[in-house]
Amino acid sequence: LKMWKHFRIDWWEIPGRDQKWKETMEEIMIKQSKSFDQEFGNKFVDDGESAADTETLEKLRNIARDPLYTYEEGHYKVWLDPDPKHIYTIGVDVADGIGGCASVAQVFDITDLTNIQLAAQFHDASMEPYHFAEFLNKMGNQWGNSPLLIERNGPGGQVIDALKEVHKYPNIVEYVSENQKLSGRLGIYSHINSKNKAITNMRYWINSLKVVNIYDIATIHELETFVRYPNGTWK
């Protein structure tokens, strides 16, 4: 064993590998349902610490498919036609709209809790919060005024206020933990406890019950690389 000595070589230390190369490889990895960090980033994604287990990820990869319709220059993808007899819910994550993290809205058909389906998804890193609120209002109306679950932290508060005051959207979820006692303010206040509770619930429906069907390959890739770190946080 004394004859061996380990060396770490990161991807950016290899000649010819720059940020453009990384972005290209990330696109390839997503199409192949692989993780860039695991393939090139000296990181190992362990099944026990990822949001979805190996069996579930394999199932989701097998059912992934192209959307029926694509709108908003490819940012809005629709897999199922809206059905007025069905029940939908929309989960929303708001970003600053300056090209970093993306603002995302995912529509799930929850009519049959043994067969929850991703119906549509919006994903855009450049749409600023005020216009994102305008889009969410139209999106919600398309899906039967679905309840919008929006994180209130950061720019999410701007989106909620615009939806409530400007667009008069009628169905915004209010959720606070028992110890916060902040009733009357719409949205979801996210902190370490509420995040852990939400992720535990998500993993129960995805891994244990195996009733969530996701057709978007990029979302499946996100599940694969969404892992728990040694300090207990999920990223």
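Before reading further, recall that the structure is shown in the block above.
Let me sum up the structure you'll find in this document. Owing to the predicted nature of the structure, the values given are computational and were not obtained by experimental measurement.

A separate point is helix α4 (residues 129-142). Here α4 is 14 residues long and its end C-alpha atoms lie 20 Å apart, about the 20 Å a rise of 1.5 Å per residue gives. Within the sequence span of α4, burial applies to Pro129, Phe132, Ala133, Phe135, Leu136, Asn137, Met139 and Gly140. Residue Glu128 occupies the N-cap position of α4, its side-chain oxygen lying 3.0 Å from the main-chain nitrogen of Tyr130.

Within strand β5 (residues 116-124), 8 of the 9 residues are buried, which leaves the element mostly enclosed by the surrounding structure. Taken together, the 3 bridges between strand β2 (residues 76-78) and β5 define a ladder with antiparallel strand orientation. Opposite Val78, over in β5, you have Ala120 as the bridge partner. Pairing of strand β4 (residues 103-109) with β5, which is carried by 7 bridges, proceeds in the antiparallel orientation. The residue bridging Val107 from the neighbouring strand is Ala120, located in β5. Connecting the antiparallel pair β4 and β5 is a turn made up of 6 residues. Across 2 bridges, β5 lies against strand β9 (residues 212-213) in parallel orientation. The partner of Ile116 across the bridge, within β9, is Val212.

Right, let's talk about the pattern of salt bridges for a bit. Summed over all chains, the structure comprises 5 salt bridges. As a salt-bridge pair, Asp53 and Lys210 come within 3.4 Å of each other at their nearest N and O atoms. Of this pair, Asp53 sits in the loop between α2 (36-40) and α3 (54-63) while Lys210 sits in the loop between α6 (192-208) and β9, placing them 157 residues apart in sequence. Owing to a relative accessible area of 22%, Asp53 belongs among the partly exposed residues under this scheme. The exposure class of Lys210 is partly exposed, given its relative accessible area of 29%. Here Arg152 makes a salt bridge to Asp161, at a shortest N to O gap of 3.2 Å.

Thresholds, definitions, all that
Residues numbered from 1 in each chain as written. Predicted model: local features only at pLDDT ≥ 70, side-chain atom pairs only at ≥ 80, totals over all residues. Heavy atoms only, no water. Helix = DSSP H or I, 4+ residues; strand = E, 2+ residues; numbered from the N terminus. Expected span 1.5 Å × (residues − 1). Buried < 20%, exposed > 50% of the residue type's maximum accessible area, 1.4 Å probe, protein only. Polar contact = N/O pair within 3.5 Å; in protein donor to acceptor, adjacent residues only side chain to side chain. Pairing = 2+ DSSP bridges. Salt bridge = Lys/Arg side-chain N within 4 Å of Asp/Glu carboxyl O.

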